[in-house]
Amino acid sequence: MDVKEARARHEELGLGDDDLLRMYETMLLARRVDERMWILNRQGKAAFVISCQGHEGVQVAAAYNLRPGYDYVYPYYRDFGITTVLGQTPRDHFLSLLARKEDPNSGGRQMPGHFSSRKLNIVTSSAPVGVQYPQATGTALAFKVRGEDGVVLVTGGEASTSQGDWHEAMNFAGIHDLPVIFLIENNVYAISVPENLQVAGSIAGRAAGYGFPGHEVDGNDVLAVYETVKEAVGRARRGEGPTLVEARTYRLTAHSSDDDDRRYRERDEVENWRKKDPIVRYEHYLEEAGLLDEETKEEIEERVREQVAEASDYAEQAPLADPEEALGRVYAEV
Ligand SMILES: Cc1ncc(C[n+]2csc(CCOP(=O)(O)OP(=O)(O)O)c2C)c(N)n1
Ligand SMILES: [Mg+2]
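Residues numbered from 1 in each chain as written. Chains lettered and ligands numbered in written order. Predicted model: local features only at pLDDT ≥ 70, side-chain atom pairs only at ≥ 80, totals over all residues. Heavy atoms only, no water.

Q: Can you explain the pairing of strand β7 (residues 243-248)? Please cite residues and give values.
A: Summarising burial for β7: 5 of the 6 residues are buried, a large majority. With 6 bridges joining them, strand β3 (residues 180-186) and β7 adopt parallel strand pairing. Bridged to Asn186 within β7 is Arg248. Note that strand β6 (residues 214-218) and β7 share 5 bridges and pair parallel. Considered in β7, the bridge of Val217 is made with Ala247. (Buried < 20%, exposed > 50% of the residue type's maximum accessible area, 1.4 Å probe, protein only. Helix = DSSP H or I, 4+ residues; strand = E, 2+ residues; numbered from the N terminus. Pairing = 2+ DSSP bridges.)

Structure follows, in structure tokens:
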């Protein structure tokens, strides 16, 4: 393929060279923040880590279609890529990981991965799997009632589609043609439970039962995800209703820092998926399109490295949350 042929793909999607490189840098930033979180965990400084590794392609490509601070996002715990595109910073992520007072998600009171920002319209999630779906659908109804063209993106893993909440939300969104995109990040596992013991039939295929489109997309192909979600966002903004997107990817780490995945999956399987790493695949595309060479790659890597080091040092020095704050904003103050 020559450079012109390679470039045709993103040009047809309306993406410029700057967009492509910005998406690359954001994916890399999410990956490097994640790797640093595991180091802090192994050093005994972070109690718990939940990872986005392997999901960066889905997350960055999907979120790149949104209007931050206008559209609403109901992310789930792996969505470091989505929240970083929207404007959460590595500092925000490390402050949350280390339960610092300044943590923008919850002031150090929630588990890591419970993203929240009033400014960016990121609505915090509760810990039970799947509760975000009816909430997101309610927000989509609000957009419709107000006659605004905002869209709602709600995400979850493949196992969350076994929950009643998911089906109730899908049904309600279908009835009322709501501007909501259900993005399922199918990473083949629900902790130790493999997809074949968790999901009957096809997730994407279920949308037909609720009367709206469902698409399965290769979640490790950044431009394919971008294209699919772009179409879904366009549909929602025009008032044409919801879309389900099932992005197929793979969880490259254990479920969390409290899990030992060697007990339930073969190393060969993980290694095979590593060869399909979305970041590496996207690098090949950028190289073919003449946008990335060794020098540019090193520059980007260096910028990311500095940002991650600065942010994690900052969070380590930052004061812990006050213990007496633990129940603050939980009960009404009389
Ligand atoms: C209702 C409920 N059941 C069980 C759990 C424990 N739990 C937390 S994450 C998880 C796995 C979810 O898997 P999936 O939806 O595929 O997301 P992934 O972690 O693979 O991204 C489980 C069972 C929970 N939090 N809530
Ligand atoms: Mg899963």
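Q: How would you explain the coordination of the magnesium ion (ligand 2) if you had to name every residue and give the values?
A: For the magnesium ion (ligand 2), the full set of protein donor atoms is Glu158 (OE), Glu158 (OE), Asn187 (OD1) and Tyr189 (O), at a range of 2.1 to 2.6 Å. Around the magnesium ion (ligand 2), the 6 donor atoms sit at angles spanning 53 to 173 degrees, and that spread fits a shape best called irregular. Here the donor residues of the magnesium ion (ligand 2) are spaced in sequence according to E-x28-N-x1-Y. With Glu158 in the loop between β2 (152-157) and α7 (164-176) and Asn187 in the loop between β3 and β4 (189-190), this pair connects stretches of sequence that are 29 residues apart. (Donors = N, O, S within 2.8 Å, 3.2 Å for Na, K, Ca; no water. Tetrahedral: all angles 85-135°; square planar, octahedral: opposite > 155°, others 65-115°.)

Q: Which residues make up the nonpolar core, and what values do they have?
A: Among the nonpolar cores identified, the biggest contains 64 residues, and Met23 and Phe94 are the most heavily contacted of them. Every residue in contact with Met23, bar those within four places of it in the chain, is listed here: Leu15, Val60, Ala61, Tyr64, Val222, Tyr226 and Tyr282. If you look at the next biggest cluster of nonpolar residues, it comprises 20 residues, including Tyr74, Tyr133, Ala136 and Leu178. (Core = buried A, V, L, I, M, F, W, Y, C linked by side-chain atoms within 4.5 Å. Contact = heavy atoms within 4.5 Å.)

Q: So what about unusual backbone geometry? Which residues, and what values?
A: Among all residues except glycine, the phi angle is most often negative; among peptide bonds, the trans geometry is most common. Phi is positive for Asp177, close to 50 degrees, though the residue is something other than glycine. Looking at the secondary structure, you find Asp177 in the loop between α7 and β3. With a phi close to 50 degrees, Ile191 is a non-glycine residue in the positive phi region. For Ile191, the location among the structural elements is in the loop between β4 and β5 (193-194).

Q: For the layout of surface pockets, give the residues involved together with the corresponding values.
A: Vacant regions in the atomic arrangement are exposed by a probe of water-molecule size rolled over the atoms. Put simply, the largest pocket is a space of about 460 Å³. The wall of the largest pocket is formed by 27 residues, among which Tyr76, Tyr77, Ala127, Val129 and His255 lie closest to the centre. Secondary-structure elements contributing two or more residues to the lining of the largest pocket are β2 and β4. Of the residues assigned to the lining of the largest pocket, the class counts are 14 nonpolar, 11 polar and 2 charged. In terms of residue class, the lining of the second largest pocket is made up of 2 nonpolar, 7 polar and 3 charged. (1 Å grid on protein atoms, 1.4 Å probe; cavity = no way out; pocket = protein on both sides within 12 Å on 5 of 7 lines; lining within 4 Å. Points joined across faces, edges and corners; volume = space filled by probe spheres on them. Nonpolar A, V, L, I, M, F, W, Y, C, P; charged D, E, K, R; others polar.)

Q: Can you explain the sheet that holds β3? Please cite residues and give values.
A: Pairing within the open sheet is parallel, and its 5 strands lie in the order β1-β2-β3-β7-β6. Two strands close off the open sheet at either side, each with one partner strand: β1 (72-74) and β6. For this sheet, the mean inter-axis angle between neighbouring strands, taken without regard to orientation, is 20 degrees. (Axes fitted to C-alpha atoms, helices over the stretch in contact; angles between N-to-C directions.)

Q: Just give me the short version of the site of ligand 1, but keep the residues and values in it.
A: The immediate surroundings of ligand 1 are formed by 16 residues, with Tyr76, Tyr77, Arg78, Asn187 and Tyr189 found nearest. Between ligand 1 and Ala159 there is a distance of 3.2 Å, counted from an oxygen atom to a backbone nitrogen or oxygen. Here an oxygen atom of ligand 1 and a side-chain polar atom of Asn187 are 3.0 Å apart. Within the complex, 71% of the 580 Å² of free accessible area of ligand 1 lies under protein. Comparing atom positions with the cavity grids shows ligand 1 to sit within the largest pocket. (Near = heavy atom within 4 Å. Polar contact = N/O pair within 3.5 Å; in protein donor to acceptor, adjacent residues only side chain to side chain. Areas by Shrake-Rupley, 256 points an atom, 1.4 Å probe, with all protein chains shown as cover. Sits in = over half its atoms within 2 Å of the grid points.)

Q: Lay out the side chain of Arg251 in plain terms, naming residues and giving numbers.
A: As for its placement among the helices and strands, Arg251 is situated in the loop between β7 and α9 (267-274). With a relative accessible area of 1%, Arg251 lands in the buried category. There is a polar contact of 2.7 Å between the side chain of Arg251 and the side chain of Tyr264. In this structure, Arg251 is in contact with Gln53, His55, Arg78, Asn187, Tyr189, Ile191, Asp259, Asp261, Tyr264 and Arg265, ignoring residues within four places of it in sequence.

Q: Mind laying out the environment of Leu28, listing which residues take part and the relevant values?
A: Here Leu28 is to be found in helix α2 (residues 17-42). It is 9.2 Å that separates the C-alpha atoms of Leu28 and Gly81, two residues lying 53 residues apart in sequence. With residues up to four places along the chain from it excluded, the contact list for Leu28 reads Ile279, Ile300, Glu301 and Val304.

Q: Give me the lowdown on the environment of His114, citing residues and values where you can.
A: Checked against the element boundaries, His114 lands in the loop between α5 (90-97) and α6 (132-146). Separated by 12 residues in the primary sequence, His114 and Ser126 have C-alpha atoms spaced 7.6 Å apart. The residues touching His114, leaving out its near neighbours within four places in the chain, are Asn105, Thr124, Ser125, Ser126 and Ala127. In terms of polar contacts, His114 uses its side chain to reach the backbone carbonyl oxygen of Met111, at 3.2 Å. A polar contact of 3.4 Å, which involves the side chain of His114, links it to the backbone oxygen of Pro112.

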